[in-house]
Amino acid sequence: MVLMATIVFFHAHPDDETSATAGTMAIASADGHRVVVVYATNGECGEVPQDLAVDESLVDRRRSEAECSAQVLGVARVAWLGYADSGMAGWPQNDQETSFHRADLDEASAALSSILDEEDADDLVGYDWHGSYGHPDHVKVHPVTYRAAGLARRRPRVLEVTLNRDMLREGINRAREMNLDVDMDVDAADDGNPIGTPAAEIHWQVDVSDYLDRKRQAMQCHTSQTSDIGMFMAMPPEVFVVAFSQEHYREHGRPNGMITGWPF
Ligand SMILES: [Zn+2]
């Protein structure tokens, strides 16, 4: 008998689910698990599309794009904590009172925790200590994830999404050999720290190659975000495969060593 779990994925912005965890989400829902996604922010700092309707805001658009992605990935429920997007490090929006970056840790954690209780969640997926690359909202996801797990009536198991720094470096080198212009420094992200986690400190590698089309389809839902998502869509197929076929997680308290397999 396979036990079905409820897995909550906590993301900073609508679209983050696609590049980081879409393959895992699609596999989990195909296996019969209940997949829930919670967004901390509404993504107000994203690009504003030219084709907004008169009565449509960027937040409306991003929420409906998130619903589209949820449908593609078999997500059972989409929930919003409703904080404002803090923008990239150093942007004035960092200091906005309603930003997630400035949110009270207890308050934000309680909001997430009440969703964990409603769902009786078995697993909670958040981000590594600096959200892989130091975006203020991604950094904040980490402490909120652990605090919320601790507050939940039944403490879920916690996994942290991360990027495999070694694999990323290799992928960028390969792309540059193909004369592609890659504007990314693995050793210095926005916050000055290297991106992601060395392979030696990662616990789970999930091979999502069978669900890569689904992942791409979920990305396509977020068409308003032409620079980030547009860049992924513009990748030559062989680069896209290298960039997105594997998803990586840390699990606090596990012995060292990366297992290629299914964590749930
Ligand atoms: Zn984000």
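**What to know about the overall build of the protein chain**
Alright, step 1. On a plain count of helices and strands, the protein chain comes out with eight helices and eight strands.
Alright, step 2. In terms of overall dimensions, the protein chain is globule-like: its C-alpha atoms have a radius of gyration of 17 Å, near the 18 Å expected for 264 residues.
Alright, step 3. Across its three principal directions, the C-alpha atoms of the protein chain cover 50 × 50 × 35 Å.
Alright, step 4. Across the 264 residues that make up the protein chain, the buried fraction comes to 51%.
Alright, step 5. Long-range pairs, those at least 24 residues apart, make up 78% of the contacts in the protein chain with a sequence separation of at least 6.
Alright, step 6. Accessible area of the protein chain: about 12000 Å², with a carbon and sulfur share of 50%.

**What to know about the sheet that holds strand S2 (residues 34-41)**
Alright, step 1. Ordered in space as S3-S2-S1-S4-S5-S7-S6-S8, the eight strands form an open sheet in which the pairing is mixed. Each of the sheet's edge strands pairs with one partner strand only, and the pair in question is strand S3 (77-83) and strand S8 (259-260).
Alright, step 2. Two elements, strand S6 (residues 204-207) and strand S7 (residues 246-250), share four bridges in a ladder whose sense is antiparallel. The partner of valine 206 across the bridge, within S7, is glutamate 247.

**Quick notes on the coordination of the zinc ion**
Alright, step 1. Taken together, His13 (ND1), Asp16 (OD), Asp16 (OD) and His138 (NE2) make up the protein donors of the zinc ion, found 2.1 to 2.4 Å from the metal.
Alright, step 2. Considering all four donor atoms around the zinc ion, angles at the metal cover 57 to 137° and the coordination shape is irregular.
Alright, step 3. Expressed as a motif, the donor residue spacing for the zinc ion is H-x2-D-x121-H. Linking histidine 13 in the loop between strand S1 (6-11) and helix H1 (16-30) with histidine 138 in helix H4 (residues 136-151), this pair joins segments that are 125 residues apart in sequence.

**What about the packing of aromatic side chains?**
Alright, step 1. This model, assessed by the stated rule, comprises six aromatic pairs.
Alright, step 2. Taken together, a centroid distance of 4.9 Å and an interplanar angle of 50° make the contact between phenylalanine 240 and phenylalanine 244 tilted. Of this pair, phenylalanine 240 and phenylalanine 244 both sit in helix H8 (residues 237-244), separated by four residues, roughly a single helical turn. In this pair, the class of phenylalanine 240 matches that of phenylalanine 244, namely buried.
Alright, step 3. Among the aromatic residues, those joined into a ring-pair cluster are Phe10, Tyr83 and Phe100.
Alright, step 4. Looking at lysine 140, its charged tip hangs above the ring of phenylalanine 100, at a distance of 5.8 Å from the centre.
Alright, step 5. Between the NZ or CZ atom of arginine 216 and the centre of the ring of phenylalanine 240, over which it lies, the distance is 4.9 Å.

**Quick look at the environment of glycine 46**
Alright, step 1. When you line up the elements, glycine 46 lands in the loop between S2 and helix H2 (58-73).
Alright, step 2. Glycine 46 gets classed as buried once you look at its relative accessible area, which sits at 16%.
Alright, step 3. Residues glycine 46 and alanine 89, spaced 43 residues apart in sequence, show a C-alpha to C-alpha distance of 14 Å.
Alright, step 4. Contact partners of glycine 46, with chain neighbours within four places excluded, come to Leu58, Arg62, Asp85 and Gln225.

**Looking at the state of the cysteines**
Alright, step 1. For the coordinates displayed, the defined rule picks out one disulfide.
Alright, step 2. Residue cysteine 68 pairs covalently with cysteine 221 via a disulfide, S to S 2.0 Å. The S-S bond linking cysteine 68 to cysteine 221 shows a torsion near -60°; that makes this disulfide left-handed. With a gap of 153 residues between them, cysteine 68 in helix H2 and cysteine 221 in helix H6 (residues 212-221) connect regions that are remote in the sequence.
Alright, step 3. Accessibility expressed as a relative area gives 9% for cysteine 221, which makes it buried.

**Section: the pattern of salt bridges**
Once the charged atoms of two side chains with opposite charge are near each other, the side chains can pair.
Alright, step 1. Enumeration over the complete set of coordinates arrives at 16 salt bridges.
Alright, step 2. The residue arginine 77 makes a salt bridge to glutamate 119 at a minimum N-O spacing of 2.9 Å. Here arginine 77, found in strand S3, pairs with glutamate 119, found in helix H3 (residues 105-119); they are 42 residues apart in sequence, far enough to count as distant.
Alright, step 3. Assessed through its relative accessible area of 10%, glutamate 119 is described here as buried.

What counts as what
Residues numbered from 1 in each chain as written. Predicted model: local features only at pLDDT ≥ 70, side-chain atom pairs only at ≥ 80, totals over all residues. Heavy atoms only, no water. Helix = DSSP H or I, 4+ residues; strand = E, 2+ residues; numbered from the N terminus. Rg over C-alpha atoms; globule rule 2.2 N^0.38 Å. Buried < 20%, exposed > 50% of the residue type's maximum accessible area, 1.4 Å probe, protein only. Contact = heavy atoms within 4.5 Å. Areas by Shrake-Rupley, 256 points an atom, 1.4 Å probe, with all protein chains shown as cover. Pairing = 2+ DSSP bridges. Donors = N, O, S within 2.8 Å, 3.2 Å for Na, K, Ca; no water. Tetrahedral: all angles 85-135°; square planar, octahedral: opposite > 155°, others 65-115°. Phe/Tyr/Trp six-rings, centres within 6.5 Å; stacked < 30°, edge-to-face > 60°. Lys NZ or Arg CZ within 6 Å of the ring centre and 35° of its normal. Disulfide = S-S within 2.5 Å. Salt bridge = Lys/Arg side-chain N within 4 Å of Asp/Glu carboxyl O.

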